[in-house]
Amino acid sequence: MKSKVCDLLGIEYPILQGGMAWVADASLAGAVSKAGGLGIIAAANAPVDVVRNEIRKVKEITDKPFGVNIMLMSPFVDEIAELVIDEKVKILTTGAGLPSKYMKD
Ligand SMILES: Cc1cc2nc3c(=O)[nH]c(=O)nc-3n(C[C@H](O)[C@H](O)[C@H](O)COP(=O)(O)O)c2cc1C
């Protein structure tokens, strides 16, 4: 099963696992991405060190694409935004707010 979203995201199946706070950790996101869908780590309101650790765990599980969900009400949101750039995470979703601050007009 292929669709445009597969080509766009570089995945095999058009299945995107939702970012779910304190549920979508590296083990879930890594398993989904390894299986050909898009796994998404939920950053939730976790500190940057915790999220960095989850990102690196997914990179150990698979070299396939994965994403990070940034929870915009997190007290660490700006640090998380820097982190995903540093870690070269190519796919981002956001929740709990408008991401306009982080996007070009
Ligand atoms: C337990 C739980 C936690 C969730 N946490 C987040 C979150 O942190 N950020 C977010 O953007 N969406 C969050 N969501 C929403 C999901 O990512 C998803 O958008 C929603 O469940 C709808 O999925 P569906 O379109 O497959 O039905 C959460 C959903 C659940 C069930």
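No experiment lies behind these values; they were computed from the predicted model shown.

Q: What should I look at first to understand the nonpolar core in this one?
A: Grouped burial of nonpolar side chains is what soluble globular proteins tend to show. Formed by 18 residues in total, the largest nonpolar core has its most connected members in I41, V51, I55, F66, V68 and I70. Broken down by secondary-structure element, the contributors of at least two residues to this core are α2 (26-34), α3 (48-61), β2 (66-71) and α4 (77-86). Contacts of V68, omitting those with residues within four sequence positions, involve I40, I41, A43, I55, V84, V89, I91, L92 and T93. Counting six residues, the second largest nonpolar core, distinct from the first, contains C6, L38, I40 and I91.

Q: It is not clear to me how the environment of L16 should be interpreted in this structure. Could you clarify?
A: Within the element layout of this structure, L16 appears in the loop between α1 (4-9) and α2. What makes L16 partly exposed here is its relative accessible area of 47%. Taking C-alpha positions, L16 is 6.5 Å from G39, a pair spaced 23 residues apart along the chain. In this view, L16 contacts L9, I11 and L38; residues no more than four positions away in its chain are not counted.

Q: Any chance you could explain the site of the ligand here in plain terms?
A: As a matter of local geometry, the ligand sits amid G18, G19, M20, A21, N69, T94 and G95. Backbone polar atom of G19 to an oxygen atom of the ligand: 2.8 Å apart, as the coordinates give it. For the ligand, a nitrogen atom lies 2.8 Å from a polar atom in the side chain of N69. Here the ligand loses 36% of its free accessible area of 620 Å² to cover by the protein chains. Per-class residue counts for the shell around the ligand are two nonpolar, five polar and no charged.

Q: Please explain the pattern of salt bridges as it appears in this structure.
A: Pairing between side chains of opposite charge can happen when their charged atoms approach one another. The full count for this structure, using the stated rule, is six salt bridges. Across the pair K59 and E87 runs a salt bridge whose closest N-O atoms are separated by 2.7 Å. Of the two residues, K59 is situated in helix α3 and E87 in the loop between α4 and β3 (91-95); the sequence distance between them amounts to 28 residues. Shared partners join several salt bridges into a network, and the residues in it are R56, K59 and E87.

Rules and cut-offs
Residues numbered from 1 in each chain as written. Predicted model: local features only at pLDDT ≥ 70, side-chain atom pairs only at ≥ 80, totals over all residues. Heavy atoms only, no water. Core = buried A, V, L, I, M, F, W, Y, C linked by side-chain atoms within 4.5 Å. Buried < 20%, exposed > 50% of the residue type's maximum accessible area, 1.4 Å probe, protein only. Helix = DSSP H or I, 4+ residues; strand = E, 2+ residues; numbered from the N terminus. Contact = heavy atoms within 4.5 Å. Near = heavy atom within 4 Å. Polar contact = N/O pair within 3.5 Å; in protein donor to acceptor, adjacent residues only side chain to side chain. Areas by Shrake-Rupley, 256 points an atom, 1.4 Å probe, with all protein chains shown as cover. Nonpolar A, V, L, I, M, F, W, Y, C, P; charged D, E, K, R; others polar. Salt bridge = Lys/Arg side-chain N within 4 Å of Asp/Glu carboxyl O.

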